[in-house]
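# Breakdown of the fold
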Amino acid sequence: MMQRTFRDILNRLIQERGTAVFENGAACKALLQDYAKGTYKREIRLFLQCLEAGYHRKLLKAADADMTRRLLMRSLQEDYGIAGEIAEETITTLADCLETRDSPEEQIARLTGQCAHGDYRAKYELGCLLYKLKRYEESADWFEKAARQCITLYETREPPQKIRSEAARDHQFLRIEGETFLMGSPDTELNRSIDEIPHQVTVKGFFIGKYEVTQREYETIMGTNPSVFKGPDLPVEQVSWFDAVAYCNALSILEGLTPAYRINGDQVIWNRESTGYRLPTEAEWEYACRAGTGTPFSTGTRIAADQANYN
């Protein structure tokens, strides 16, 4: 499998969320970090800086695209102290992704294909897109199809008690004892980011899932399986950070726990007093992954393909 570039990640973001997501910096940051899986930290930081400065709006409205690119490159260098080569790469990537985004008809074709595979969320998104295009009758038809599928899923669902018992059986957790550890990495470590300054962090004891959430677990709770590499016992993939938050809340509700998150559109607030499931914090995740080591990997200074499935 070829390694994804930052441009691939941006294209996916625009394809799935549209350029409107650029207006919500927090949501855009969370999605990019989720799609990038810990890579391209420098590129994400520069890209978010461009959004904050409104560069994407200037590119979308530009009458002279080449002139606008050059002006924005100069702005990155003079206003933010970014090296010329990096400024050119950043603006070129942003501009190219905006220019090559799907046309409405291409978006309709993509969503129609997803609808054919029984994705009710795609039916709803297709209805929203057609409504924006003022194709109201078609829009209403897809909204009705999405609603009917949701009703069918609800009426044919497993009894709640059975779902609760399956969820309790499938999810296995390990107790991680709290401790103070050195978070971050030394400046001599290869491929580190400049924000990984070593500092001491104290984490309290917590429980964390022993295994990745499987496709069976996700589909049992959410009623859908977005994964590309299908298999009930394989980890679920193609889920965003927002999807993971929604999954935590749904699982909490099924087990009679107080949901950990309050979701309002793209705004997510963590209720630290809740009893429900949540995602580990960045410090908890790093502490668990380090497994008591101080090396770049829990396996030492090197890692091999027979020790982990990684890119």
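For the structure, see preceding data.
All values reported here derive from a predicted model rather than from experimental measurement.

Here we come to the overall build of the protein. Of regular secondary structure, the protein possesses 13 helices and 6 strands. Dimensions of the protein, computed from the C-alpha atoms along their principal axes, are close to 65 × 60 × 40 Å. Across the 311 residues that make up the protein, the buried fraction comes to 35%. Residue pairs at least 24 apart in sequence account for 50% of intrachain contacts in the protein once pairs closer than 6 positions are excluded. In the structure as shown, the protein presents an accessible area of about 19700 Å², 52% of it carried by carbon and sulfur atoms. Charged side chains of the protein number 39 positive and 47 negative; the gap between the two group centres comes to 3 Å.

Okay, the side chain of Asn249 next. Here Asn249 shows up in helix H12 (residues 241–254). Residue contacts for Asn249: discarding those within four places in its chain leaves Pro259, Ala260, Tyr261 and Ile263.

Position of Thr224 among the secondary structure elements: in the loop between helix H11 (215–222) and H12. Leaving out residues up to four positions away in the same chain, Thr224 has contacts with Arg121, Tyr218 and Glu219.

What follows is about a nonpolar patch on the surface. Residues Val228, Phe229 and Leu234 make up a contiguous nonpolar surface patch of roughly 290 Å² in combined accessible area. You can see Leu234 is positioned in the loop between H11 and H12.

Quick look at helix H6 (residues 84–99) now. Over its 16 residues, H6 runs 22 Å from end to end, which matches the ideal 22 Å to within 8%, given 1.5 Å per residue. Three or more residues of H6 are buried, namely Ala87, Thr90, Ile91, Thr92, Thr93, Leu94, Ala95, Asp96, Cys97 and Leu98. The elements touched by buried residues of H6 are helix H1 (6–17), helix H3 (41–52), helix H4 (55–61) and helix H5 (65–80).

Moving on, we get to the pattern of salt bridges. Taken as a whole, this structure holds 13 salt bridges when the rule is applied. Among the salt bridges present, the one from Arg148 reaches Glu144, with a minimum N-O distance of 3.0 Å. Of this pair, Arg148 and Glu144 both sit in helix H9 (residues 136–155), 4 residues apart, which is roughly one turn of that helix. Judged by its relative accessible area of 41%, Glu144 is partly exposed. Across the pair Glu286 and Arg290 runs a salt bridge, and its minimum N-O distance is 3.0 Å. You can see Glu286 and its partner Arg290 sitting in helix H13 (residues 282–290), 4 residues apart, about one turn around the helix. With a relative accessible area of 15%, Arg290 lands in the buried category.

Moving on, we get to the packing of aromatic side chains. Summed over the entire model, instances satisfying the criterion amount to 9 aromatic pairs. Arranged with centres 6.1 Å apart and planes meeting at 75 degrees, the rings of Phe6 and Phe47 form a pair that is edge-to-face. Placement of the pair is Phe6 in helix H1 and Phe47 in helix H3, with a sequence separation of 41 residues. When its relative accessible area of 10% is taken as the criterion, Phe6 is described as buried.

What follows deals with the nonpolar core. The nonpolar side chains of soluble globular proteins are, as a tendency, buried together. Judged by nonpolar contacts, the single largest core of 33 residues is most densely connected at Leu13, Phe22, Cys28, Leu32 and Phe47. Among the secondary structure elements, those contributing two or more residues to this core are H1, helix H2 (25–36), H3, H4, H5 and H6. With 7 residues, H2 is the single largest residue contributor to this core. Within the second largest apolar cluster, 13 residues are counted, among which are Tyr218, Ile221, Ala260 and Tyr277.

Turning our attention to H13. Every α-helical turn comprises 3.6 residues, leaving residues that sit three or four positions apart pointing alike. Listed as buried for H13 are Ala283, Glu284, Glu286, Tyr287 and Arg290. Around the axis of H13, the buried residues are gathered within 165 degrees of arc, so they sit on the same side. Facing away from the buried side of H13 by more than 90 degrees, the exposed set consists of Glu282 and Trp285. Elements in contact with the buried residues of H13: strand E1 (173–176), strand E2 (179–183), strand E3 (199–203) and strand E4 (206–209). Once H13 finishes, Ala291 follows within two positions and takes phi at roughly 50 degrees, a positive value.

Let's shift gears to the packing of H5 against H6. Contact pair H5 / H6: the axes reach a minimum separation of 9 Å and the direction vectors enclose 140 degrees. In terms of orientation, H5 lies oblique with respect to H6. Between H5 and H6 lies a crossing whose hand is right-handed. Residues Ala65, Arg69, Leu72, Met73, Leu76 and Gln77 of H5 touch H6, and the partners they reach there are Gly84, Ala87, Glu88, Thr90, Ile91, Thr92, Ala95, Asp96 and Glu99. Tallied by class, the residues present in the contact of H5 with H6 amount to 7 nonpolar, 4 polar and 4 charged.

What counts as what
Residues numbered from 1 in each chain as written. Predicted model: local features only at pLDDT ≥ 70, side-chain atom pairs only at ≥ 80, totals over all residues. Heavy atoms only, no water. Helix = DSSP H or I, 4+ residues; strand = E, 2+ residues; numbered from the N terminus. Buried < 20%, exposed > 50% of the residue type's maximum accessible area, 1.4 Å probe, protein only. Contact = heavy atoms within 4.5 Å. Areas by Shrake-Rupley, 256 points an atom, 1.4 Å probe, with all protein chains shown as cover. Lys, Arg positive; Asp, Glu negative; His and termini not counted. Charge placed at Lys NZ, Arg CZ, Asp CG, Glu CD. Patch = residues over 30% accessible without salt bridge, like charges linked within 9 Å, V, L, I, M, F, W, Y side chains within 5 Å. Salt bridge = Lys/Arg side-chain N within 4 Å of Asp/Glu carboxyl O. Expected span 1.5 Å × (residues − 1). Phe/Tyr/Trp six-rings, centres within 6.5 Å; stacked < 30°, edge-to-face > 60°. Core = buried A, V, L, I, M, F, W, Y, C linked by side-chain atoms within 4.5 Å. Arc of directions from axis to C-beta. Axes fitted to C-alpha atoms, helices over the stretch in contact; angles between N-to-C directions. Parallel < 35°, antiparallel > 145°, perpendicular 65-115°, else oblique. Left-handed = near helix turned anticlockwise from the far one by under 90°. Nonpolar A, V, L, I, M, F, W, Y, C, P; charged D, E, K, R; others polar.

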